[in-house]
Amino acid sequence: MTVSYTKKVSDCKGFGSFWRLLFRWRGSLYKLVWPDTCVYCMLYFLCSMVYRFGLDEEQRRIFEHVALYCDYFRNLIPISFVLGFYVSVVVQRWWEQYLSIPWPDSLALLCTAYIGGRGERERSIRATVLRYVNLCCALTFSTISPRVGRKFPSYKELMEAGYLTPREMKVLENQRGRSSAALTTLPMMWACKVVEGARTCGYVRDDHGLRLLVAELMALRDKAGMLVRWTDISIPLVYTQVATMAVYSFFSFSVLGRQFLDPGQHYTNRTIDFFVPIFTLLQFVFYMGWLKVAESLVNPFGEDDDDFELECILERHLKMSYLLGDVTPSDDPLAEDDEDD
Amino acid sequence: MTVSYTKKVSDCKGFGSFWRLLFRWRGSLYKLVWPDTCVYCMLYFLCSMVYRFGLDEEQRRIFEHVALYCDYFRNLIPISFVLGFYVSVVVQRWWEQYLSIPWPDSLALLCTAYIGGRGERERSIRATVLRYVNLCCALTFSTISPRVGRKFPSYKELMEAGYLTPREMKVLENQRGRSSAALTTLPMMWACKVVEGARTCGYVRDDHGLRLLVAELMALRDKAGMLVRWTDISIPLVYTQVATMAVYSFFSFSVLGRQFLDPGQHYTNRTIDFFVPIFTLLQFVFYMGWLKVAESLVNPFGEDDDDFELECILERHLKMSYLLGDVTPSDDPLAEDDEDD
Amino acid sequence: MTVSYTKKVSDCKGFGSFWRLLFRWRGSLYKLVWPDTCVYCMLYFLCSMVYRFGLDEEQRRIFEHVALYCDYFRNLIPISFVLGFYVSVVVQRWWEQYLSIPWPDSLALLCTAYIGGRGERERSIRATVLRYVNLCCALTFSTISPRVGRKFPSYKELMEAGYLTPREMKVLENQRGRSSAALTTLPMMWACKVVEGARTCGYVRDDHGLRLLVAELMALRDKAGMLVRWTDISIPLVYTQVATMAVYSFFSFSVLGRQFLDPGQHYTNRTIDFFVPIFTLLQFVFYMGWLKVAESLVNPFGEDDDDFELECILERHLKMSYLLGDVTPSDDPLAEDDEDD
Amino acid sequence: MTVSYTKKVSDCKGFGSFWRLLFRWRGSLYKLVWPDTCVYCMLYFLCSMVYRFGLDEEQRRIFEHVALYCDYFRNLIPISFVLGFYVSVVVQRWWEQYLSIPWPDSLALLCTAYIGGRGERERSIRATVLRYVNLCCALTFSTISPRVGRKFPSYKELMEAGYLTPREMKVLENQRGRSSAALTTLPMMWACKVVEGARTCGYVRDDHGLRLLVAELMALRDKAGMLVRWTDISIPLVYTQVATMAVYSFFSFSVLGRQFLDPGQHYTNRTIDFFVPIFTLLQFVFYMGWLKVAESLVNPFGEDDDDFELECILERHLKMSYLLGDVTPSDDPLAEDDEDD
Amino acid sequence: MTVSYTKKVSDCKGFGSFWRLLFRWRGSLYKLVWPDTCVYCMLYFLCSMVYRFGLDEEQRRIFEHVALYCDYFRNLIPISFVLGFYVSVVVQRWWEQYLSIPWPDSLALLCTAYIGGRGERERSIRATVLRYVNLCCALTFSTISPRVGRKFPSYKELMEAGYLTPREMKVLENQRGRSSAALTTLPMMWACKVVEGARTCGYVRDDHGLRLLVAELMALRDKAGMLVRWTDISIPLVYTQVATMAVYSFFSFSVLGRQFLDPGQHYTNRTIDFFVPIFTLLQFVFYMGWLKVAESLVNPFGEDDDDFELECILERHLKMSYLLGDVTPSDDPLAEDDEDD
C-alpha cells in the first residue's frame, strides 16, 4: 500500500513533524537500504581485518597507499550530479504515471445527468457502461501490475469477479490472436456501442449527452493506453545504468578508500581510528537511499511499499459502479423535490 | 492564515523591499526554527563546557581529534544537493495542490446565463446546485484539513451550517458503509440530477446550457477528487527521510565538529576562540530553515501559518452562492435595459 | 514600463549583442544595486580605516584573525544553491502571472462572428459586454496594482472613465458589504445576462454562439480571479527569508572577512594590498543582482521598471472595445462583398 | 526496438533491482561506450609507453610537468554543469516527441459510436477513414525515420502495402511539386471529405459526430505535423557543440594528465603506479555514457536500440483499423443485447 | 535558416554521431565565438608581451602578485550557476515561442470538411478566409522579425504579394491611428465575418462548423497575439545583465590572472610556461559559447543562423492556401467514390 503520511505532518510547530517520520518502517529508508548496508559492512570489516591482522609492515604501507589513492580519486565520479538529475526525472515520471490512472467518477456523473431514469433498463445501461470501463481498467492493470496480473491471470477470473459475461469472454477469446492493445480497446468500443444504442432508443436524453459520454470514454481509453505506454517506454537504459554504476563503483572503492589507517603514519585527515566508519556509512545510506528512491519509483505499479495499489483502485471503481446502478428512490433526496414541481 | 506579503514588495527602489520582510514573525523563519535552534545551542554549549572544564589535557587532545574528524567528514553528507532537489519537488506540489482547490465562480456565471429567471423556482434551483457544490467542498475539505474537520466533525454540524437538509443527511447516513470517495461524489450526482430536472422543466434555456453545467460540475468533482489524492499520495517516504536525516545527522555531528578548539594547538582554521559559534548557527538556521520550507509546504492544508485556509475558502464559497441566489431586481443594472428592448 | 530589449538582440553577429545591453540604465542591474553597493562600500572603508589607522599592533593581529575566520567560514552559507532554486521559482511564477492577465481579443472575435449586425442595438450589446469585461479587469487590476489603484481609488473615477454607468455604480455600492471577490464577479454576471438576453431577442445568431460567449466570459473571469490569487498566495515567507538572509549575512561577514590585511604577515592569498576590493564588489554585485531579480519579479504588478504595466493594458483593452463597437460600413472591406452574393 | 525493462524492476526488495540491469547488453552503456573506450585506452597506453620507455630523464621531468598541468587545469572545463543541463533538455524533448506520435485509437472509438452500422457501406467508410489516417502516419514517419523511409521509399510500396489505391497514388504524384507538408495534409483532407460525405448520406448519426470526427482528424494531423517539426528544429547546434567539445577536450587532456608518474618524484597524490588507470576509465565511462544518453535520445526516431520503433507502431495502427472494419455480428457481445430491448 | 541536424544523428553506433557535428560551420560555436576569441587573444598576448619584455625585475614581481590575486579571486564569480539557470530559462522560452507560431493546417482541414463544395463561391470563401489568416500572420511576423519587416515594409508590398486587396488596404490605412494590436486583429475579424456570412448563405454546412471555424480563428489569433507578447516581454534585463557581466568580468580578469608566470619563481601550479594558454582559451570558448546559446535564442525571430525562418513559414502558409483553393475534381480521389454511393 502506498505509504501515506501527509496527515501526520499537517503542521510544523515545535520541532516540526519530519523527525517523527524517521521512526517509521514501512516504505522507509531503513527497510530499503539495510540489505545493501549489511553487505557493505561485511566487506568493509573483512578488509579491515586483513589490513589490521593479515599484513606485514611493508604490505600495510602499500595497502595504505592504495587506500589513499582510492579515497582521493573516487571523488572523480560525478555521483551527486548524475543522481540529482536522474532522480528528478524519475520523480516527475512517477507522478505523471499516477495522473494517467483512469478514474470513472466523471463518467458516473455523466450517466446520472444524461441516462437519468430509474427504470430497470436505464440502470442496466449505466451498469453495463461502467462495467466495460472497469473491464478495460482490469485488463490494462493486469498487464502492468504483477499483483493484479496474479489476481486475474485469465479471462475466467475476470468473469468470476463479474467483469465479463460468458458471452463477452468468448468474444475476447476469439480475438486472442490480436495485439493486446486491441484487446483493451474492445470493451471501450462495446461501451460506445451501448451508449449509441441507448441514444437511439431514447435513454440518453440528447445528442450532447451522447457526445459527452463518448468523449469521456475516449479520455478514459486514452489514459488506459497511456498507462501501458509508460510501462513500455522505460527511461533509456543507459541513463539508469550510468546512475547505478556511479553509485556502486563509488562505494566499492570506498571499501578500500575509507579504511581507518594507522594514525601513526600521520596521513592527512587520518589521525584517528574509530573502527566503525560512521560517516562513510552515513554517506552510503544517503546516496544508496537516493538511488532507492529511483528504484522504487521507476515502476510505480510494482510491489514496493510505495507503489500505487491498482487492485484497491479497481475495487473502488467497482463500488462506484454499484453506487451508480443501485441508488433507489428512497436513497434519493430529490425524489420528492422533483414531484413538487 | 496564509502569510501574504506580495503587496509589501511591489517595488524594489532604494534598498529593495526584502529586508523589510526580515522583521516579520508570523510564518517566519524565526518562528519555525527557534525551538530547534535552542536545543542545538544547549547541546553545543554542553559539549563546550565539558571540553573546557571537564577534561584533562590528554582527553582534550582526543576530543580535538574527534572534533576535527567530525568537522571534516560531515561534508561528505550531500546536504545541499538533496535538499535543493527535494524542496523544489515540494514547492511544485504545493502550488499544484493550490490549483486543485475547487472554485465555484464559473458555475455561478453559468447559472446566471442559463438558469436566468428571477422567479422563486429558478432561484431555488441555482441555490440548490451551489449548495451541493459547497457540500462536496465541505465534505472534501473536512477529510484533508484538520481545522475544517474539527468544525464539521459529523453531518449534524454540516446540516446546522446549512449545507444539508435533514432528508439529505439521512441519505448520506444510509450510505455510510460506502467508501468516502463515493460520499463526496454523491452531492455532485444530486447536483447533476437537479440541473437535468431543471432542463426537463425548461428552467435551463437550452441543451448547451445543460452540457456546460454538467461539464463544470464534472470539473469541480475532478478537482475535489484530486485534492484528496494529493493528500493520499505523499512524496515517497524514502525521499523525505533521506532529506531529513541528511540535515539532522549533518548538524548532530557539527555539535562536536564545530567546537572552538584550543587556539594554542594551531589546528588549521582554528586560530581563534569566539565562544559563540556564529557561522555554525547561521548555517544551522539556513539549512534547517530550508527543511522547514518543505515541512510547512508538504501538507498545505494543515495548520501552519503558511497553509491554505480552507475554512475561509468554504465561507467565501457560501457567500458567493448567496449572492447568486439573492440578486433582486433592484440590484440589477440590466433590469430596465432588458425592458427597453 | 516593462523594459523590452528583445528586438535589439535579434542577431549575435560580431561580438554578439548582449554587451550592448550593459550600457542601459532603465531596469538595469546598476539602478537596482547602487544604493546597497554604496552602503556596502561605506561600511567596508570604515572598517578599513579603523584597521589601518585606529588599531595598535596587537589589536591588528586580532583583527586579522577575525577577518580570516570570517572569510573562511562565510563560505558555509549555501548562497548559490539557495539563490539558484529560489530565483528559478520566482521567474516561473512571474511568467505564469503574465499569462494570467485577461485579454479580451478572443471575445471581440466572437462578438464579430455571432453578434454581427451593424444596427444600433447590436453595437450597443457588443459595447456593453466588452465594457463589463473591461470593468472586471479594472476592478481586478486596481486591487493588485498600486498604480491602477491610485488611478481608480473609487467607483467614481471608474464611472468618469466610462467603465460604469451611474446606475451600475449604485448597484456596486449596495454590494459593498460583500467580499471583493464577489464584486469582481458581478460585472461578469451582468455580461452573461446581457448575452443571454441578446440570444433571447435573436441578436446572437445561434445557441453555439451563446455558449462560446459564456465560455469565453468564464475563461476571462477565471484569469481575473487567478490574478488576485497569485497576489494573495505569496511564495512562503520562510523561503524568501532564507534566501534574503543568506545574501545579507554572507555580505555582512565579508565586510570584515575581505579586508586587505597587512601583506607583511604572509597570510595565504593575502600577499597584496589593493585598497579597493574589486572582486568582493563584483561578487556583491552579482549575488545582490541575482537577489534583485527575485525582488523585482516577486510582485510583477508593482512599480518596478520591469513590472507589467497594467494601466497600459487596460487602455489597450478599452481601445479594442471601441474598435469593435465603431467599425462603420465604410471601414468594412466585406460590406460590398456580402452584397455581391 | 525500445529497450523495456520497467517490468523487471517492479520491486526493490533485497538488494533492489537496478544491479540486475547492469548485466544487459542491448541498449546498454557498454554497447554504446566501448568503441570510444578502446580508442581512449589505446591513446593512453601509447602515451604511457612513450613516457616509460621512450624518454630520457630530463624529457620525463618535462613530461611530468605537462601532465600535472593538464591534470590540474582540465578541471576548468565545466563539464558536469554543461552536461547536466544539456541532458535534461534532451530527455525532456525525447519524451515530448514520444507524446507527439499520432495514435488512432480514439478515432476508432468515435467511428464505433457514430458510424455504427454493420452494413458494407459503413464498414467501408470506417476502413477508408482509418486508412487515410494510417497513410498520413506512414508518409510522416517515412520522412523522419530512416527505417520506415527504407521500407516505403516511394508511393509504389505504400500502394502495395495497402495504404493507397492506385487512383490516390496518381493524385499524390500529380502534387509532387508541392511541399511535403502539403502532401501529408492531403490524406487528412480526404478523410475529412469522406466523413462529411458520410454525414450527408446519413451514415454519421448526428452533427456532433461529424464534429468530433473532424476535431479528432485535426488533432491527429496536428500531432503528425508536430513530429516533423520536432525533427526540423533541432536543439541549437551551439548547445550540442558546447556539450560535445566539453567532454571530448576534457578527456583528450586527461590522456596526458592522468598518466601515472614516477612515484619517486613525490608529486602530490601521485605516490603509486597502477599501470591501469581505473578511476580515469570509470570517469570516462560515466561522462561519455552521459553524453551517449543525449546522443541516442536527440533523434528518438533513428536506429538506436532505444529509439521508438515507428514501423511497429505503423503495423499496430493497421491492425487496429482491421479490427474496426472486421468486427462481425458473431464477435459482438451486444448483437443480441440490442435485440432484447 | 534554422540549422537542422537531427537526421544526421539518427544513431550512435561506433563512435556516435556528435563528433561529426563538430565540423560544421553554419550555426556553430566557432562562427559565433571567433570574434570574441580573437579580441581575447590579442589582449592576452599584449599583456604577455608587456610582462615578458616591458617590465624590470621588480615590476614583474608585482605583476605576478596581481596575476595570482586575479586568478584566485575570479573564482568568486558564480559563473556556472548563473549561466546554468539563465540558459535553461532562455532555452525553455525559445521552444515555447516556436510553439506559438500560428499554423493554418487545421483551419484547412476544417474548411475541407465544412465548406466543402467545389463551386466558385465556396472556393472563394475558403481562399478568402485563409488569405486573412495569412495576412494576420504577415502583419504579426513583420513586427517581430526584421527580415519579414524588410520584405513587407508597408501595406503596398503586402498588397503586391497578394495578401491584401486594394480595398482592404484602404481600410487598414484608415485605422493607422489605432494600436498595432488592433491592426493584426482586424483581418481575423474580417475572417470571422466571412465565415458567418457563409453560414448565413448556407455554404457552411452546419452550426457546429461555424463554431469550429470561429474557435480555430480565435486560436490562431491567440497565437499571433502571444508571439508579439513574447517579444514585448523580454527576460528581465537585470537577469541578462547579471549573466553577461559575470562572463565578461570573469574573463577580463583572466587576461591578467592566467598569464604564464616565470616558472623560476615556483608559484603553485605555475611550473611550466606554454606561451599559448590552451586551457584558458578552452574555458573561454565554453563559457562564451554557453552565453552565445542564450544570445542567439533570446530572440528566435532574428537573423541568427539558428533563428526560426518566419519568411519561409509565411510562404509555406501561402502554398497551403493555394492547395486548398485549387484542388480540382481530377485531383480528388473521392470524386467518383462519392458518385458511387
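In this convention, every chain numbers its residues from 1, walking through the sequence in written order. Naming scheme: in the order in which they are written, chains are lettered from A and ligands are numbered from 1. Reporting in this predicted model follows two pLDDT cut-offs: at least 70 for local features of residues, and 80 or more for side-chain atom pairs to be given and counted; totals over whole chains, interfaces and linings ignore these cut-offs and use all residues. Values shown for side chains rest on all heavy atoms present in the structure; no hydrogens or waters enter the calculation.

**With respect to the overall build of chain A**
Note on conventions: DSSP H or I runs of at least 4 residues are helices, E runs of at least 2 residues are strands, and numbering of each starts at the N terminus. Secondary structure summary: chain A contains 15 helices and 0 strands in total. The atom set for the radius of gyration is the C-alpha atoms, and the globule formula is 2.2 Å times the number of residues raised to the power 0.38. Taken against the 2.2 N^0.38 rule, which gives 20 Å for 341 residues, the C-alpha radius of gyration of chain A at 29 Å runs more than 25% over that of a compact globule. For chain A, the spread of C-alpha atoms along the principal axes amounts to about 95 × 55 × 30 Å. Evaluated residue by residue, chain A yields a buried proportion of 66% over its 341 residues. All accessible areas in this document rest on Shrake-Rupley with a 1.4 Å probe, and a residue is counted as covered only by the protein chains that are shown. Of the roughly 12000 Å² of accessible surface on chain A, 59% is carried by carbon and sulfur atoms. His is not counted, nor are the chain ends; Lys and Arg add positive charge and Asp and Glu add negative charge. Each charge is placed at NZ for Lys, CZ for Arg, CG for Asp and CD for Glu. On chain A, the mean spot of the 37 positive side-chain charges and the mean spot of the 41 negative ones are 3 Å from each other. For every residue, the accessible area (1.4 Å probe, protein chains only) is compared with the maximum for its type, and the residue is labelled buried under 20%, exposed over 50%, or partly exposed between those bounds.

**Overview of the environment of Ile-115 of chain B**
Residues and elements named next belong to chain B. When you line up the elements, Ile-115 lands in the loop between helix H5 (105-114) and helix H6 (120-144). Sequence spacing of Ile-115 and Gly-14 is 101 residues, and the spatial spacing of their C-alpha atoms is 54 Å. Any two residues whose heavy atoms approach within 4.5 Å at even a single point are treated as in contact. With residues up to four places along the chain from it excluded, the contact list for Ile-115 reads Leu-110, Glu-122, Ile-125, Arg-126, Tyr-203, Val-204 and Leu-213.

**Digging into unusual backbone geometry**
Residues and elements named next belong to chain A. Here His-266, not a glycine, exhibits a phi torsion of approximately 55°, which is positive. By the element assignment, His-266 lies in the loop between helix H12 (237-257) and helix H13 (278-297). Judged by its relative accessible area of 66%, His-266 is exposed.

**Topic: the relation of the copies chain A and chain B**
A least-squares fit on C-alpha atoms brings the copies together, and the residues used are those whose pLDDT is at least 70 in both copies. The operation relating chain A to chain B is a screw motion whose rotation component is 72°, with 0.0 Å of axial translation and a residual RMSD of 0.0 Å. The superposition operator between the copies reduces to a five-fold rotation axis. Among all residues of chain A, the minimum C-alpha distance to the rotation axis is found for His-208 of chain A, at 6.3 Å. Little of the interface of chain A is mirrored in chain B, where only 7% of its interface residues again form contacts.

**Topic: the confidence of the model for chain A**
If pLDDT is low for a region, its predicted coordinates should not be looked at in detail. Residues and elements named next belong to chain A. Residues with a pLDDT of 70 or more make up 93% of chain A, whose mean pLDDT is 85. A residue's pLDDT is the confidence the predictor assigns to it, expressed on a 0 to 100 scale. Per-element confidence in chain A is highest for helix H11 (residues 207-232), whose mean pLDDT is 92, and lowest for helix H15 (residues 334-340), whose mean pLDDT is 47. Residue range residues 336-341 is modelled with pLDDT below 50. Its contacts to residues more than four positions away, or to other chains, number 3 contacts. Listed scores for the predicted complex are pTM 0.90 and ipTM 0.89.

**Re the interface of chain A and chain B**
The interface is formed by 85 residues belonging to chain A together with 87 residues belonging to chain B. Of the roughly 8100 Å² buried at the junction of chain A and chain B (both faces included), carbon and sulfur atoms supply 68%. We define a salt bridge as a contact between a side-chain nitrogen of Lys or Arg and a carboxyl oxygen of Asp or Glu at a distance within 4 Å. Our count for the chain A to chain B interface comes out at 2 salt bridges. N or O atoms within 3.5 Å of each other form a polar contact, as long as, within protein, one can give a hydrogen and the other can take it, and as long as residues adjacent in sequence are counted only when both atoms are side-chain atoms. Where chain A meets chain B, there are 17 residue pairs in polar contact (both at pLDDT 80 or more). If you list the elements that add at least two residues to the side of chain A that touches chain B, you get helix H1 (18-21), helix H2 (29-54), helix H4 (79-99), helix H5 (105-114), H11, H13, helix H14 (310-326) and H15 of chain A. Broken down by element, the side of chain A that touches chain B gets its largest block of residues, 11 residues, from H4 of chain A. Lys, Arg, Asp and Glu make up the charged group, whereas Ala, Val, Leu, Ile, Met, Phe, Trp, Tyr, Cys and Pro make up the nonpolar group; the residues left over, Gly among them, are polar. In terms of residue class, the side of chain A that touches chain B is built from 45 nonpolar, 20 polar and 20 charged. For any pair of parts, buried area is found by adding up, for both, the accessible area (1.4 Å probe) each one loses once the two are put together.

**Focus on a nonpolar patch on the surface**
Taken together, the side chains of Phe-15, Trp-19 and Phe-23 of chain A together with Val-39 and Leu-43 of chain B define a hydrophobic patch exposed on the protein surface, amounting to about 480 Å² of accessible area. In this structure, Val-39 of chain B sits in helix H2 (residues 29-54). Its relative accessible area of 34% is what places Val-39 of chain B among the partly exposed residues. Within the patch definition used here, like charges are joined within 9 Å and nonpolar side chains (Val, Leu, Ile, Met, Phe, Trp, Tyr) within 5 Å, considering only residues with over 30% relative accessible area and no salt bridge.

**Overview of the relation of the copies chain C and chain E**
Between the two copies, chain C and chain E, the superposition gives an RMSD of 0.0 Å; the rotation angle is 72° and the shift along the axis is 0.0 Å. Little of the interface of chain C is mirrored in chain E: 6% of its interface residues are interface residues there too.

**A few points about the interface of chain C and chain E**
The interface of chain C with chain E comprises 84 residues on the first partner and 86 residues on the second. Interface area for chain C against chain E, summed over the two sides, is near 8100 Å², with a carbon-plus-sulfur share of 68%. One can count 2 salt bridges joining chain C with chain E. Here Arg-221 of chain E ties to Asp-105 of chain C by a salt bridge, and the two come within 2.9 Å at their closest N and O atoms. At the boundary of chain C with chain E, the tally comes to 16 residue pairs in polar contact (both at pLDDT 80 or more). Taken together, the elements giving at least two residues each to the side of chain C that touches chain E come down to helix H1 (18-21), helix H2 (29-54), helix H4 (79-99), helix H5 (105-114), helix H11 (207-232), helix H13 (278-298), helix H14 (310-326) and helix H15 (335-340) of chain C. For the side of chain C that touches chain E, the leading source of residues is H4 of chain C, giving 11 residues.

**A closer look at H2 of chain A**
Residue and element names in this part refer to chain A. A helix is expected to span 1.5 Å multiplied by its residue count minus one. The first and last C-alpha atoms of H2 sit 35 Å apart over 26 residues, in line with the 38 Å expected at 1.5 Å per residue. In this scheme, the bend at a residue equals the angle between the axes fitted to the seven residues that finish there and the seven that begin there. Taken as a whole, H2 carries its principal kink of about 35° at Pro-35. One side-chain oxygen at the N-terminal end of H2 lies 3.3 Å from the backbone nitrogen of Tyr-30; it belongs to Ser-28.

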